[in-house]
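Take a look at the letters that make up each chain.
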Amino acid sequence: MSLRAGVIGLLTAMASLSATANEQTLKEDEQKSIVHLSPLVVSGTLSYPFGHQTDDHAVTALDNQALIRSGKRGLEETLQGFPSLNMLTVPAGGVASLTLRGASGYGLIQIDGIPLPISNTGQFNLAGMPAEAFENTEMIRGSGAVLYGSHALGGLIRLSTRDLLATTGSAHIEGGSFGALRDTVAGSWAGDHGRISGTYSRDDFFDGTPYVNPQFGDGYRKPANASLATLRGSAKLGDVGETESSLVYSDSHSGYGKYVLTPEHVLDFVDDPNAFIDQETWLAQNRSRVALHDHWQSGLQFGFTQQQKTVRSGTVETGMLAHTYLARWENLHQWITPDTGTWRLTWGGEGWYEDGSTPDGRYRGQRATGAAVGRLEVKSDRYSGVVGFRTDSYEQYGVHTTFHAGSQYRILPEFAVFADGGIGYRLPGFPELLTPFIGNPTLRPEHGASGQAGFNWDVTGSTQLSLTGYYNRFDDLIILARLPIGLYRSENIPRTRIMGLEMQGATAWNAQFSSGIDYTLSSNENLDTGAPLPHRPDNIGRFWTEWRGQAWPLRLWSEAIYRGASYSDGRNIRIGDALLINMTLNYIVDPRLSLYVRGENITNNQTSDTYILGVPGAAMYGGIRAGLP
């Protein structure tokens, strides 16, 4: 509680400085700075580690207002149902299991350009990370992830921490089912030569959510808590540059259970009052960039992550500690001509050092990687194209080059077609290799090729539609496989095929009512056995509506999220499909104050996403959001 009180006090003090700020002057000064140096800013301007994106083919971008639009608290709940993003529902405080176009692993999620550490294979510690703590989110699907410093095969989720341009502050608190108490405070200060923004969030589930699938036990609950703190600051380097840094800290604690051997010689998961899972993550980065010439900007970025996990189950206590150190050098050259449009050449290099170990030192490892990167982009009124490569030199795995190429042609001002493809290569992370019982030291790197084609259509000024077809051929795909005895272990699947069709559409029917749909139809196959890949449903969909009152200051958000059936291990254990319905009603007192009530899973669908773990049933929450001018 002392940490919560201290951070709230600090951010409140930062917010109180708004009375002395000349807001108009600050906005004008900051806007000039961003326009001058935008190609290398890591912020809410949707910039990129290696230059601007021009081929926005299969990209879903959400700014802060879009992230909190549905009223849902957690980042993982907010992203459910988006194209080709499969996220398994877990008990409060648990790690999020997610795949993007059938693949996952270290590098799938970045925060301010730095990879978020994985907890286990395909699992990330997103507990306590509220959507409102981030400036924007981008889901980049396909092989284009290689252009953003990621090795993930199926795509990339890019998060940016809050970076406010004015002195302000906000607070948010809610409570409800499962003994939930959640709060977030945010504050920022902006001056003539720099700015700083911070957030602190805390989630407590004092009663806990159901931990075990009801068909395997009594549905016991485990209390859980999680917190997140972010801090981001930037300062001008004279008239030619800027430096910015960010720090992210998260921790979570939840109860757990233990495995016992049944008479049938299969492990069952039962309650254990002394069992727990503790996780702590640190992520820090600094980036500085300067304009060396009218056509040359250069930047350096340094990053650090630490992931520590401790698990007690029965009489066993174990865990995993992993570090990553990253240095990135990037350069951008840009030329604009009336005849040929805009040309951008980006080039640079990266150096990585990683290590991982268990608390007893029995399992440990380390490795270093050097990389060279390059990218060429061209954009005109009707055509855009990109080609890029990345060559990594690994200590233990030799030299491997990955690439991506794509183009887009605008047939009409409102209708564009695109196609792209590339190859990827990803090493297993140390948690995948070394985590006791789950890790597998014999894992091989996963690699493969993928391609996509589709169109983006602005049907009218208020209606948009996009359609994308994709095909992936991955070898040695790393998954968390269920063994016959009941345990899970990281394994390679030698040959896989993943293909699908994605659709996104949205329309504003009038000033009061809008709606949209996201849908993915896919086929996921183990080519050696013909069996479907575990936990990869063939259907994922989301339908939403938003109604805004005209006579009353009300806003009603409704959504239905559908996950099709899948299998826990090949064709042996089937996991049924599930439909979740959520609704949020907001009463907007004024632009800076709103009250709301939210119902999650209001039909009380408790179909488990996994073989053992339970899912929360129907829940009701109420809260208040307040902000300074």
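Structure first, text after, so check above.
Everything quoted here is computed from the prediction, not taken from an experiment. (Residues numbered from 1 in each chain as written. Predicted model: local features only at pLDDT ≥ 70, side-chain atom pairs only at ≥ 80, totals over all residues. Heavy atoms only, no water.)

If you tally the helices and strands in the chain, you get five helices and 32 strands. Looking at the 629 residues of the chain, the share that counts as buried comes to 57%. Put simply, of all contacts in the chain between residues at least 6 apart along the chain, 62% involve residues at least 24 apart. Per element, the accessible surface of the chain, about 24800 Å² overall, is 60% carbon and sulfur. (Helix = DSSP H or I, 4+ residues; strand = E, 2+ residues; numbered from the N terminus. Buried < 20%, exposed > 50% of the residue type's maximum accessible area, 1.4 Å probe, protein only. Contact = heavy atoms within 4.5 Å. Areas by Shrake-Rupley, 256 points an atom, 1.4 Å probe, with all protein chains shown as cover.)

Turning to the sheet that holds strand E3 (residues 96–100), a few remarks are in order. Read from one edge of the open sheet, three strands run E2-E3-E6, paired in antiparallel fashion. Only two strands of the sheet have a single neighbouring strand rather than two, namely strand E2 (85–88) and strand E6 (123–124). (Pairing = 2+ DSSP bridges.)

Tracing the backbone through its elements, the reader meets Thr161 in strand E8 (residues 155–161). Polar side-chain contacts of Thr161 include one of 2.8 Å to the side chain of Asp112. Here Arg232 takes part through its side chain, which lies 3.1 Å from a polar atom of the side chain of Thr161. Beyond its immediate stretch of four places on either side in the chain, Thr161 contacts Ile111, Asp112, Ala133, Phe134, Glu135, Thr230, Arg232, Ser246 and Val248. (Polar contact = N/O pair within 3.5 Å; in protein donor to acceptor, adjacent residues only side chain to side chain.)

Let us now look at a nonpolar patch on the surface. On the surface, Ile173, Tyr587, Val589, Leu595 and Ile624 cluster together to form a nonpolar patch covering roughly 390 Å² of accessible area. Summarising the element assignment, Ile173 is placed in strand E9 (residues 168–176). (Patch = residues over 30% accessible without salt bridge, like charges linked within 9 Å, V, L, I, M, F, W, Y side chains within 5 Å. Salt bridge = Lys/Arg side-chain N within 4 Å of Asp/Glu carboxyl O.)

Here we come to unusual backbone geometry. A positive phi is found at Phe437, a non-glycine position, where the angle reads about 75°. Inspection of the secondary structure assignment puts Phe437 in the loop between helix H5 (430–434) and strand E22 (446–460). Classification of Phe437 as exposed rests on a relative accessible area of 58%. One non-glycine residue, Asn604, lies in the positive phi region at around 60°. Assignment of secondary structure puts Asn604 in the loop between strand E31 (593–600) and strand E32 (619–627).

For the rest of this paragraph, the subject is the packing of aromatic side chains. The geometry of an aromatic ring pair comes down to the distance between the two centres and the angle between the two planes. Throughout the structure, instances matching the rule amount to nine aromatic pairs. Between Tyr325 and Tyr353, the aromatic rings sit 6.0 Å apart at their centres with planes inclined by 40°, giving tilted as the arrangement. Residue Tyr325 is located in strand E16 (residues 316–337), and its partner Tyr353 is located in strand E17 (residues 341–357); the two are separated by 28 residues in the primary sequence. On the basis of relative accessible area, Tyr325 is assigned to the partly exposed category, the value being 37%. (Phe/Tyr/Trp six-rings, centres within 6.5 Å; stacked < 30°, edge-to-face > 60°.)

Before going further, it helps to examine the sheet that holds strand E5 (residues 114–115). Reading across from one edge, E1-E7-E8-E4-E5 is the order of the five strands in this open sheet, with mixed pairing throughout. Two strands in the sheet have a free side with no partner beyond their single neighbour: strand E1 (59–63) and E5.

Locating Ser234 in the fold gives a position in strand E12 (residues 221–237). For Ser234, a relative accessible area of 10% corresponds to the buried category. For the pair Ser234 and Glu244, spaced 10 residues apart in sequence, the C-alpha to C-alpha distance is 3.9 Å.

Glancing now at the pattern of salt bridges. According to the stated counting rule, one finds 37 salt bridges in the structure shown. The partner of Glu546 in a salt bridge is Arg69, and the shortest N-O contact between them spans 2.7 Å. Here the residue Glu546 occupies a position in strand E26 (residues 539–548), and Arg69 occupies one in the loop between helix H3 (64–67) and helix H4 (75–78), the gap between them amounting to 477 residues. Take Glu546: its relative accessible area is 4%, and that puts it in the buried class. Among the salt bridges present, the one from Arg495 reaches Asp528, with a minimum N-O distance of 3.0 Å. Of this pair, Arg495 sits in strand E24 (residues 488–508) while Asp528 sits in the loop between strand E25 (513–526) and E26, and the two are 33 residues apart along the sequence. Each of Arg73, Glu132, Glu174, Arg182, Asp203, Arg598, Glu600 and Arg625 takes part in one network of salt bridges that share partners.

Both strand E27 (residues 554–563) and strand E30 (residues 578–590) contribute to a ladder of 10 bridges, which runs antiparallel. Bridge pairing in E30 places Leu556 opposite Leu585. In terms of strand pairing, E30 meets E31 through seven bridges, oriented antiparallel. Following the sheet pairing, Ile588 is matched in E31 by Ser594.

Turning next to the pairing of E24. Here strand E23 (residues 463–482) pairs with E24 via 19 bridges, running antiparallel. Note on E24: the bridge partner recorded for Tyr471 is Met499. Hairpin remark: E24 followed by E25, antiparallel, with four residues in the connecting loop.

Let us look at the nonpolar core. Core analysis: the largest hydrophobic core is formed by 32 residues, its most contacted members being Leu79, Leu85, Leu98, Ile109, Phe124, Phe134 and Ile157. If you list the elements that add at least two residues to this core, you get E2, E3, strand E4 (109–111), strand E7 (134–141) and E8. By residue number, the principal contributor to this core is E3, which donates three residues. Setting aside its immediate chain neighbours within four residues, Leu98 contacts Leu85, Asn86, Met87, Ser104, Leu108, Ile109, Gly122, Phe124 and Ile157. (Core = buried A, V, L, I, M, F, W, Y, C linked by side-chain atoms within 4.5 Å.)

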